[in-house]
Amino acid sequence: MAGDGGGKPDDGAAEALDRPLPDGVRRRVVQIAAEAFGSLTVSELPGQLRQYARFTPSRRAKFAGNAMAAALESEAQFRQRVGEKFREAHPELATALETGAPPPAADPLDVAAAAYVLRPLGWVKLVTAAGEEAQRAEAERADEETRAELERLRAEAAAARDHVRTETERLRAELEAARKEAESLHRKLRSALSDVKRGEAAQRKLRGELDEVKAHTQAQVSAAESEGRRLKARLSETEAALEASRKAVREGRSIEDMRARLLLDTVLEAAQGLRRELALPPVSVWPAETVDAVEPGRMTPKDIAARALSEDDPAILDQLLALPQAHLVVDGYNVTKTGYPQMPLEQQRLRLLGQLSALAAQTGCEVTCVFDGAELAAPVLLAPPRGVRVLFSKPGITADELIRQLVRAEPSGRPVVVASTDREVADGVARAGARPVASAVLLKRFSRG
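Asks: Can you help me understand the environment of Thr99 in this one?
Replies: Note that Thr99 resides in the loop between helix H5 (91-98) and helix H6 (108-118). In this structure Thr99 comes out as exposed when scored by relative accessible area, which is 58%. Separated by 22 residues in sequence, Thr99 and Leu121 have C-alpha atoms that sit 8.8 Å apart.

As structure tokens, then:
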């Protein structure tokens, strides 16, 4: 390899290091190999380095440093190729090393790394000298750092001493101030103790005066209680005398009242005796009834249908409930299952009763709501709303039969309206004199508000 540059071929090939390559020299050697790496073809690279062929020089030095150092040591042909690339890049340094006269101004590490790669005669001495020079420089740098660290520590120690001195003086001043404050507090404490003793003496004096006042007040209270008892006794005597005088007045008045009542009873008995004796019949006809005229007819629930209204018009229900003493009987489940069958039975009952309560408040009519109780496992706990009577049929009796019983129980002539879509219920209550309306009519009346 050296012979390619004009010297003897492999003049230093027989030489070998007797110690590990110094770290600084090794880093420079790896750097030289990484720079030459990119100029070599893949076939010119050792097998273990071909995987790093596409790496940049810095990445090769980082990831393939150990592998390149081992290849330079063991692969002479690879080392010669790297040396050729180095000789092309640094011909002056390579020529100086082959002539045995390295430049005095050159960095010893660069000289040693170049000598390791080029292997001129005496390269081992150059590498060893460079290592020793690097160690010496490292020692000097470490010595410089040690001296700088020592100076820094001395400066810190001096600053710490100054700080301690300052803190000591400050603490002494604070201690002195605290001592003075403690003396002041002692004086104030003694003064306060004196004030407390004087206060205790004044308190004892006031307690004695208070005991005297209490005794005097107790004597006055006893005297007042005695006077109060005496006055109460006199008041009782006065009230007794007043009650006696009132009783006497009442007795005198009672005698006069008794005489007047006795006279009145005598007159009444005489009149009754005269009536029996004359056999006068009771008055059944009034004078105004003897005049011949035509009296107006009274409106009944059956007359409502004669008006120009549709059977499903909620105005019919308003007219029916406007009749005097109207009674609305509602087939509960028939109405709820027509209007909102998807709800649970309990919610159906609560919703219907709330709507009926509002209707009763608006119209003032009597409202009775009937539910079928045949399938109930237990009595329903329900607080009826204001204005609505709630009934459940007994076991063995249907709600339809209970509705018919309610209609038959009403006196003849009273307006009774039954809300149910059940045809059998409607026909039955109509025969009993009630007016049936469809459940849809009641629901429309609810929606109207």
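Asks: Quick question: what am I supposed to make of the sheet that holds strand E4 (residues 416-419) here?
Replies: Here five strands make up an open sheet; going across it, the order is E3-E2-E1-E4-E5 and the pairing parallel. At either end of the open sheet lies a strand with only one pairing partner, and these are strand E3 (388-392) and strand E5 (435-437). Neighbouring strand axes in the sheet, compared pairwise and without regard to direction, differ in orientation by 20° on average. One ladder, built from three bridges, connects E4 with E5; its direction is parallel. If you follow Val417 over to E5, its bridge partner there is Arg435. Along the sheet, helix H9 (residues 332-339) contacts strand E1 (327-331), strand E2 (366-371), E3 and E4; its crossing angle with E1, the most-contacted strand, is approximately 65°. Along the sheet, helix H10 (residues 345-363) contacts E1, E2 and E3; its crossing angle with E2, the most-contacted strand, is approximately 165°.

Asks: Sorry, what's going on with the pattern of salt bridges here?
Replies: Two side chains that carry opposite charge are able to pair once their charged atoms sit near each other. A complete count under the given rule lists 19 salt bridges for this structure. Close ionic contact of Glu156 with Arg152 constitutes a salt bridge, the shortest N to O distance being 2.3 Å. Pair noted here: Glu156 and Arg152 are both in helix H7 (residues 123-278), with a separation of four residues, about one helical turn. What makes Arg152 partly exposed here is its relative accessible area of 39%. Between Arg170 and Glu167 there is a salt bridge, with its nearest N and O atoms 2.5 Å apart. Pair noted here: Arg170 and Glu167 are both in helix H7, with a separation of three residues, about one helical turn. Salt bridges here are not isolated pairs; linked through shared partners, they connect Glu366, Arg389, Glu410 and Arg414.

Asks: Explain the pairing of E2 to me, please; I cannot follow it from the model alone.
Replies: Regular strands place their side chains on alternate faces of the sheet. Most of E2 sits inside the fold, with five of its six residues counted as buried. Two elements, E1 and E2, share five bridges in a ladder whose sense is parallel. Across the sheet, His327 pairs through a bridge with Glu366, a residue of E2. Sheet analysis places E2 next to E3, joined by five bridges and oriented parallel.

Asks: For this particular structure, what's the right way to read helix H3 (residues 65-74)?
Replies: An α-helical segment advances 3.6 residues per turn. Residues three or four places apart therefore align on the same side. Those residues of H3 not exposed but buried are Gly65, Met68, Ala69, Ala71 and Leu72. An end-on view of H3 places all buried positions within 165° of arc, on one side of the element. In H3, the exposed positions angled more than 90 degrees off the buried face are occupied by Asn66 and Ser74. Contacts from the buried residues of H3 go to helix H1 (23-37), helix H2 (57-63), helix H4 (76-89) and H6.

Asks: Looking at this model, I keep getting lost on the packing of aromatic side chains. Mind explaining?
Replies: Given two aromatic rings, their pairing is described by the distance between the two centres and the angle made by the two planes. Going through the model one piece at a time under the given rule, you end up with two aromatic pairs. Ring geometry for Tyr333 against Phe371: centres 5.0 Å apart, planes inclined by 55°, an arrangement best described as tilted. Taken together, the positions of Tyr333 in helix H9 and Phe371 in strand E2 put the pair 38 residues apart, joining distant regions of the chain. Tyr333 gets classed as buried once you look at its relative accessible area, which sits at 11%. Under the relative-accessibility criterion, Phe371 is labelled buried at 0%.

Asks: I keep staring at unusual backbone geometry and nothing clicks. Help me out?
Replies: The phi torsion of most residues other than glycine is negative, and most of the peptide bonds are trans. One non-glycine residue with positive phi stands out, namely Gln325, at about 60°. Looking at where Gln325 falls in the secondary structure, it is placed in the loop between helix H8 (314-321) and E1.

The rules behind the values
- Position labels on residues start from 1 in each chain and follow its written sequence.
- Thresholds applied to this predicted model are a pLDDT of at least 70 for local features of residues and 80 or more for the giving and counting of side-chain atom pairs; totals over whole chains, interfaces and linings are not thresholded and use all residues.
- Hydrogens and water are ignored here; the side-chain numbers use all heavy atoms of the structure.
- In DSSP terms, a helix is any run of H or I states spanning at least four residues, a strand is any run of E spanning at least two, and both are numbered starting from the N terminus.
- Relative accessibility under 20% of the residue-type maximum defines a buried residue, over 50% an exposed one, and the middle range a partly exposed one, all with a 1.4 Å probe and only protein chains included.
- Think of it this way: DSSP has to see at least two bridges between two strands before they count as a pair.
- Lines are fitted to the C-alpha atoms to define the axes, a helix being fitted only along its stretch in contact, and any angle between axes, read from their N-to-C directions, falls within 0 to 180 degrees.
- Contacts are assigned to residue pairs that have any heavy atoms within 4.5 Å of one another.
- Take a side-chain nitrogen of Lys or Arg and a carboxyl oxygen of Asp or Glu: if they are within 4 Å of each other, that pair is a salt bridge.
- By arc we mean the arc of the directions from the helix axis to the C-beta atoms, nothing more.
- When the centres of two rings from Phe, Tyr and Trp lie within 6.5 Å, Trp using its six-membered ring, the rings pair. Their planes under 30 degrees apart give stacked, over 60 give edge-to-face, and anything left gives tilted.

Any functional reading would require information that these geometric values do not contain.
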